[in-house]
Amino acid sequence: MPLRTAVCTLVVALTLVAGGSTRARTSADATSKLSDGEFWRLVTGFSEEGGTFPSDNFVSNETEYQMVIPTLASRIRRGGVYVGVGPDQNFTYITALQPSIAFIVDIRRQNLLHHLLYKAIVELSPTRADFMARLFGRPKPKDLKADVSANALMAAFLDREESPGAFDETYQAVMDRLTKHHHFTLVPGDERVIERILRIFHYYGPDIAYSQSATLRMFGGSVMRLSLFPAFADLMTQTDAEGTNHGYLSDEAHYRLLREMHQRNAIVPVVGDFAGPKALRSVGDWVREHGSTITALYTSNVEQYLFQNGVWRDYYENVRAMPTDETSTFIRAYFPTTTPGGVVMIRPTDPPLFFGPPREGRPTGGFIPSQTLLSTVRELLEGVDAGAIDGYLDVVGISR
């Protein structure tokens with residue numbers, strides 16, 4: 001064998017041993033950007049028929065989802081594939097974990113449209129302040145500096161009234177972005193849903209909470225919120241246990257990561273039931289075909305409902321069919337004050353039903369408490385195979 005050929009062969013062999021196959025590396029890089037056509041084919045091709053859920057889920061109702069980010073960041077390699085559910089709490093996990101691509105799978109078509117609204121607004125907004133101004137229809141403070149904290153950013157918008165004409169201007173810009181710039185083809189009724197979501201964000205501003213019923217607009221324009229749910233402003237000022245805010249609006253660097261993901265069409269919303277026959281299976285097949293691995297599965301408390309509905313085994317078989325490895329991790333929310341059937345238990349000692357303007361800093365009380373828990377995919381599937389998983393609390397029990 002000629003010396004040059006032998007050296008080249010040795011280099012290739014060392015590359016395969018040290019860093020995995022060349023195909024896996026190349027394919028993972030290839031997933032980092034999708035054309036508009038590819039993006040829309042995934043959105044429509046992977047989606048199932050939409051289902052229902054008892055809440056609008058405008059923002060998260062989880063109070064502790066940043067607590068696990070340091071552990072996740074040390075465990076999960078960057079450049080994998082993220083799968084999540086629900087609204088914008090996914091953005092905080094995405095910017096912290098930096099996957100190559102993310103799929104947001106939710107049973108509600110409204111959630112898909114909610115994410116398309118976010119996509120358009122993020123792409124149209126170069127800075128956090130621009131994003132806040134468009135999302136909530138509030139004028140951007142002229143003296144707001146680019147490096148302000150999330151607390152200061154929220155405070156700058158909380159007491160501002162909606163700008164005249166802001167809704168019409170933003171709605172038109174969003175629809176132009178989706179249908180004229182990206183050439184996405186919405187189905188009848190989609191525009192009305194996007195209009196409704198945007199109007200609610202403009203109406204309540206950063207005081208918007210998990211559900212419309214959690215936020216009341218009083219006469220004179222003041223806002224009172226049910227203490228059961230944190231508002232957007234509360235969620236954006238959360239931290240981990242050490243006081244570090246990892247949120248996607250914590251600083252301009254995190255927001256730029258989110259914006260770059262959207263500009264690459266790398267956050268793909270899909271309509272799907274976690275126990276359904278198509279959505280998760282399609283995501284898993286696509287990830288495998290592109291030589292990558294699902295590194296994080298954020299489930300919120302969806303598993304609670306899957307056990308409640310008796311379809312949890314179908315879900316775990318969907319997960320089993322996905323390409324994962326020993327580090328692939330479930331991120332799940334657990335609400336200790338709820339029954340296994342999802343009913344909130346209110347105690348006589350709980351705080352009053354209403355309270356006034358948001359407190360400064362991260363929420364410290366007054367909300368339904370949640371815990372964010374982790375387990376590896378392999379731990380969960382081994383528990384299922386061993387017969388150790390027979391209910392939702394068994395899943396909670398193997399989590400940390």
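Calculation rules
Residues numbered from 1 in each chain as written. Predicted model: local features only at pLDDT ≥ 70, side-chain atom pairs only at ≥ 80, totals over all residues. Heavy atoms only, no water. Pairing = 2+ DSSP bridges. Helix = DSSP H or I, 4+ residues; strand = E, 2+ residues; numbered from the N terminus. Axes fitted to C-alpha atoms, helices over the stretch in contact; angles between N-to-C directions. Contact = heavy atoms within 4.5 Å. Parallel < 35°, antiparallel > 145°, perpendicular 65-115°, else oblique. Left-handed = near helix turned anticlockwise from the far one by under 90°. Nonpolar A, V, L, I, M, F, W, Y, C, P; charged D, E, K, R; others polar. Salt bridge = Lys/Arg side-chain N within 4 Å of Asp/Glu carboxyl O. Buried < 20%, exposed > 50% of the residue type's maximum accessible area, 1.4 Å probe, protein only. Core = buried A, V, L, I, M, F, W, Y, C linked by side-chain atoms within 4.5 Å. Arc of directions from axis to C-beta. pLDDT = per-residue confidence, 0-100. Phe/Tyr/Trp six-rings, centres within 6.5 Å; stacked < 30°, edge-to-face > 60°. Lys NZ or Arg CZ within 6 Å of the ring centre and 35° of its normal.

1. A few points about the sheet that holds strand β1 (residues 81-84)
Part 1: Spatial ordering of the open sheet is given by β5-β2-β1-β6-β7-β9, a layout of six strands whose pairing is mixed. Each edge of the open sheet is held by one strand with a lone partner, namely β5 (267-271) and β9 (371-376). Sheet twist, expressed as the average angle between the axes of neighbouring strands with direction ignored, equals 20°.
Part 2: Relative to β5, strand β2 (residues 101-106) runs parallel, the two being bridged by five bridges. Pairing of phenylalanine 103 across the sheet is with valine 268, part of β5.
Part 3: Sheet strands in contact with helix α6 (residues 109-124) are β2 and β5, and its direction is about 160° off that of β5.

2. Some remarks on the packing of helix α15 (residues 312-320) against helix α16 (residues 377-385)
Part 1: In the contact formed by α15 and α16, the axes pass within 11 Å of each other and the chain directions differ by 130°. Judged on the interaxial angle alone, α16 and α15 are oblique. Where α15 crosses over α16, the handedness of that crossing is left-handed. Residue-level contacts link Trp312, Tyr316, Val319 and Arg320 of α15 to Val377, Leu380, Leu381, Val384 and Asp385 of α16.
Part 2: When grouped by side-chain class, the residues that make up the contact of α15 with α16 number seven nonpolar, no polar and two charged.

3. Notes on the pattern of salt bridges
Part 1: Per the counting criterion, the structure on display carries 15 salt bridges.
Part 2: Residue arginine 177 is joined to glutamate 123 by a salt bridge in which the shortest nitrogen-to-oxygen separation is 2.7 Å. Of this pair, arginine 177 sits in helix α9 (residues 166-181) while glutamate 123 sits in helix α6, placing them 54 residues apart in sequence.
Part 3: For arginine 177, a relative accessible area of 19% corresponds to the buried category.
Part 4: When its relative accessible area of 4% is taken as the criterion, glutamate 123 is described as buried.
Part 5: Arginine 400 is the partner of glutamate 379 in a salt bridge, and the nearest nitrogen-oxygen pair spans 3.1 Å. Separated by 21 residues along the polypeptide, glutamate 379 in helix α16 and arginine 400 in the segment after α17 (392-397) bring together distant segments of the chain.
Part 6: Taking the relative accessible area as the measure of exposure, glutamate 379 reaches 30% and is therefore partly exposed.
Part 7: Each member of the salt-bridge network shares a partner with another, and the members are Lys119, Glu123 and Arg177.

4. Side note on the nonpolar core
Part 1: Ranked by internal contacts, the top residues of the largest apolar core, which has 105 residues, are Phe103, Phe131, Phe232 and Tyr316.
Part 2: Apart from the residues lying within four places of it in its own chain, the contact partners of phenylalanine 131 are Tyr118, Ile121, Val122, Ser125, Phe232, Tyr248, Leu249 and Tyr255.

5. Brief notes about α16
Part 1: If you check which residues of α16 are buried, you get Val377, Leu380, Leu381, Gly383 and Val384. The buried residues of α16 all sit within an arc of 155° when viewed along its axis, so they share a single face. Opposite the buried face of α16, by more than 90 degrees, sit the exposed residues Glu382 and Asp385.
Part 2: Those residues of α16 that are buried are in contact with β6 (294-300), α15, β7 (329-334), β9 and α17.
Part 3: Just downstream of α16 lies glycine 387, where phi reads positive at about 80°.

6. Observations regarding the confidence of the model for the protein chain
Part 1: Looking at the protein chain, the pLDDT average stands at 84 and 80% of residues meet or exceed 70.
Part 2: Below pLDDT 50 for its whole length, residues 1-31 participates in 21 contacts with residues either more than four positions away or in separate chains.
Part 3: Here residues 339-365 scores under 50 on pLDDT; set against residues more than four positions off or in separate chains, the count is 56 contacts.

7. Observations regarding the packing of aromatic side chains
Part 1: Scanning the entire structure with this criterion turns up 23 aromatic pairs.
Part 2: Arranged with centres 4.8 Å apart and planes meeting at 85°, the rings of tyrosine 203 and tyrosine 204 form a pair that is edge-to-face.
Part 3: Ring pairing ties together the aromatic residues Phe58, Phe91, Tyr118, Phe131, Phe136, Phe201, Phe232, Tyr248 and Tyr255, which thus form one cluster.
Part 4: In this arrangement the basic side chain of lysine 119 is found over the ring face of phenylalanine 39, its NZ or CZ atom lying 5.0 Å from the centre.
Part 5: Over the ring of phenylalanine 167 we find arginine 199, and its NZ or CZ is 3.9 Å from the ring centre.

8. A few points about helix α3 (residues 36-46)
Part 1: Listing the buried residues of α3 in full gives Phe39, Trp40, Leu42, Val43 and Phe46. Buried residues of α3, seen end-on, are gathered within an arc of 160° and therefore sit on one face of the element.
Part 2: In this structure, the buried residues of α3 make contact with β2, α6, β5 and α13 (279-289).

9. Looking at unusual backbone geometry
Part 1: In this structure, asparagine 57 takes a positive phi of about 55° despite not being glycine.
Part 2: Positionally, asparagine 57 belongs in the loop between α3 and α4 (69-75).

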